[in-house]
Amino acid sequence: MRNSKKTGKVLFVSMLLLFSVTGCTSNPHGALPPGNSTGTGGGHTVAQSTPPHTNNAPRYIGVTKTDYDEAAKEARIEVQSVNESDLQNNNNEGILDTAIPEGIVNFATSQLPGKTVNRIRVKHTGLGAELFNLPVTDSSNSAQSGNRFQAQQFTGNTSTPLPPPGVEMDKNIQPLASLNASSEAKVAALRKIAESKLGMPYVWGHNEDRGEYGFDCSNYTSYVYHHALGYSFTTSSRNQYSSVGKPVPFSDMRPGDLLAFKEGAHVGIYMGDGQMIQMGGGTGKCSYLPVTPDSFWYGELSSVKRMF
């Protein structure tokens, strides 16, 4: 056959596509204690080649190693093939879908909070092939804002505009609670939508609104606020941290608040009684986790955002 000399190599048909990147971050590779992880990058645009699964590369890949080249400002990710069935047992939250490059960008930028990532290289160690070489333009590489760093934001008017900062209303959806509904009705709506996904697996870049199975953390928070309240905002965890909602003191945390951790590496929704509902966080699925002052995640908290 004509291609016999290329056995074992992955061929890519190059074309430039622009992706508006969404997502959230987990951190299964050493930045967090075992059993804990973080949420996605978004606000990125990526020029990259055709998704490699169209060229006999595996559809799903599992991350085995992530490094950062400070001089080149590159994220370098090593992966291996995984089976689609592994999506049901993704406890380390390191599975990427090669059909969704924004999930790869979400993963890389979330693993490297505070770092500027201009390029992402993904190498399949089994195939010996580079699957992705993605130049990244990331608005969230700029300075972040949050509670720990800009406490002066809390002074002055304590009311929250509706919709809150960084949010638009989607007129094409009928949310469970209207813009002018009571806070109690909004919390109830958030709880109903959020809990309907309990146990759903964590997959980088996935969002049910796009017909995909599972979510990452910031696609999940965006989905919940969208269907519960009609809110439309970025699916980037970094940009949810920097641009969405009104920052309030940690001590004023209320049900319905958007929580951001590690400068946007992870996000969740506070539901009261010291608990947040979130996607991932070391569990590999949609679950509740504690955010009481003695908890791991409270120690990683960067910002509490009032959403109504």
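Here's a quick rundown of the structure. Because the structure is predicted, anything quoted here is derived from the model rather than measured.

1. As for the overall build of the protein
Okay, so step 1: Each helix and strand counted, the protein has 5 helices and 15 strands in total.
Okay, so step 2: Taking all 308 residues of the protein together, 54% fall into the buried category.
Okay, so step 3: Partitioning the contacts of the protein with sequence separation of at least 6, the portion at a separation of at least 24 is 68%.
Okay, so step 4: Surface accessibility of the protein: about 13100 Å² in total, with carbon and sulfur atoms responsible for 49%.

2. With respect to helix α3 (residues 217–229)
Okay, so step 1: Between its terminal C-alpha atoms α3 stretches 18 Å, which fits the 18 Å expected from 13 residues at 1.5 Å a residue.
Okay, so step 2: Most of α3 is tucked away, with 12 of its 13 residues classed as buried.
Okay, so step 3: Among the residues of α3, Cys217, Ser218, Asn219, Tyr220, Thr221, Ser222, Tyr223, Val224, Tyr225, His226, Ala228 and Leu229 are the ones counted as buried.
Okay, so step 4: Once α3 ends, the next one or two residues include glycine 230, with phi positive near 80°.

3. Points about the sheet that holds strand β12 (residues 266–272)
Okay, so step 1: Here we have 6 strands laid out as an open sheet, ordered β10-β15-β11-β12-β13-β14, and antiparallel in their pairing. If you trace the sheet from one side to the other, it starts and ends with β10 (246–248) and β14 (286–290), each paired once. Adjacent strand axes in the sheet meet at a mean angle of 40°, parallel and antiparallel pairs treated alike.
Okay, so step 2: Pairing of strand β11 (residues 258–261) with β12, which is carried by 4 bridges, proceeds in the antiparallel orientation. Paired with phenylalanine 261 across the strands is histidine 266, a residue of β12.
Okay, so step 3: Lying over the sheet, α3 contacts β11, β12, β13 (275–279) and β14, oriented at roughly 45° with respect to β12.

4. Focus on unusual backbone geometry
Okay, so step 1: At the junction of leucine 162 and proline 163, the peptide bond is cis and its omega measures out at -5° in the coordinates.
Okay, so step 2: Structurally, proline 163 can be placed in the loop between β7 (129–138) and β8 (168–169).
Okay, so step 3: At lysine 262, a residue that is not glycine, the phi angle is positive and equals roughly 50°.
Okay, so step 4: You can call lysine 262 buried: its relative accessible area is 18%.
Okay, so step 5: In this model, aspartate 273 sits at a positive phi of 55°, which is unusual for a non-glycine residue.

5. With respect to the side chain of glutamate 93
Okay, so step 1: Tracing the backbone shows glutamate 93 in the loop between β4 (74–81) and β5 (95–97).
Okay, so step 2: One buried charged side chain, glutamate 93, makes no salt bridge at all; its nearest oppositely charged neighbour is lysine 285, positioned 10 Å away.
Okay, so step 3: Side-chain polar atoms of glutamate 93 contact the backbone nitrogen of glycine 282, separated by 2.7 Å.

6. Observations concerning the packing of helix α2 (residues 183–195) against α3
Okay, so step 1: Packing of α2 against α3 brings their axes to within 8 Å, and their N-to-C directions diverge by 130°. One element, α2, and the other, α3, form an angle in the oblique class. Classified by chirality, the crossing of α3 by α2 is right-handed. Residues Lys186, Ala189, Leu190, Ile193 and Ala194 of α2 form the contact with α3, whose participating residues are Tyr220, Tyr223, Val224, Tyr225, His227, Ala228 and Leu229.

7. Overview of α2
Okay, so step 1: Taking 1.5 Å of rise per residue, 13 residues should cover 18 Å, and α2 covers 18 Å from first to last C-alpha, within 8% of that figure.
Okay, so step 2: Along α2, the residues that are buried comprise Lys186, Val187, Ala189, Leu190, Ile193 and Ala194. One face of α2 carries all of its buried residues, which in axial projection span an arc of 160°. Away from its buried face by more than 90 degrees, α2 exposes Glu184 and Lys192.
Okay, so step 3: The secondary structure elements touched by the buried residues of α2 are α3, β12, β13 and β14.

The rules behind the values
- Residues numbered from 1 in each chain as written.
- Predicted model: local features only at pLDDT ≥ 70, side-chain atom pairs only at ≥ 80, totals over all residues.
- Heavy atoms only, no water.
- Helix = DSSP H or I, 4+ residues; strand = E, 2+ residues; numbered from the N terminus.
- Buried < 20%, exposed > 50% of the residue type's maximum accessible area, 1.4 Å probe, protein only.
- Contact = heavy atoms within 4.5 Å.
- Areas by Shrake-Rupley, 256 points an atom, 1.4 Å probe, with all protein chains shown as cover.
- Expected span 1.5 Å × (residues − 1).
- Pairing = 2+ DSSP bridges.
- Axes fitted to C-alpha atoms, helices over the stretch in contact; angles between N-to-C directions.
- Lys, Arg positive; Asp, Glu negative; His and termini not counted.
- Salt bridge = Lys/Arg side-chain N within 4 Å of Asp/Glu carboxyl O.
- Polar contact = N/O pair within 3.5 Å; in protein donor to acceptor, adjacent residues only side chain to side chain.
- Parallel < 35°, antiparallel > 145°, perpendicular 65-115°, else oblique.
- Left-handed = near helix turned anticlockwise from the far one by under 90°.
- Arc of directions from axis to C-beta.

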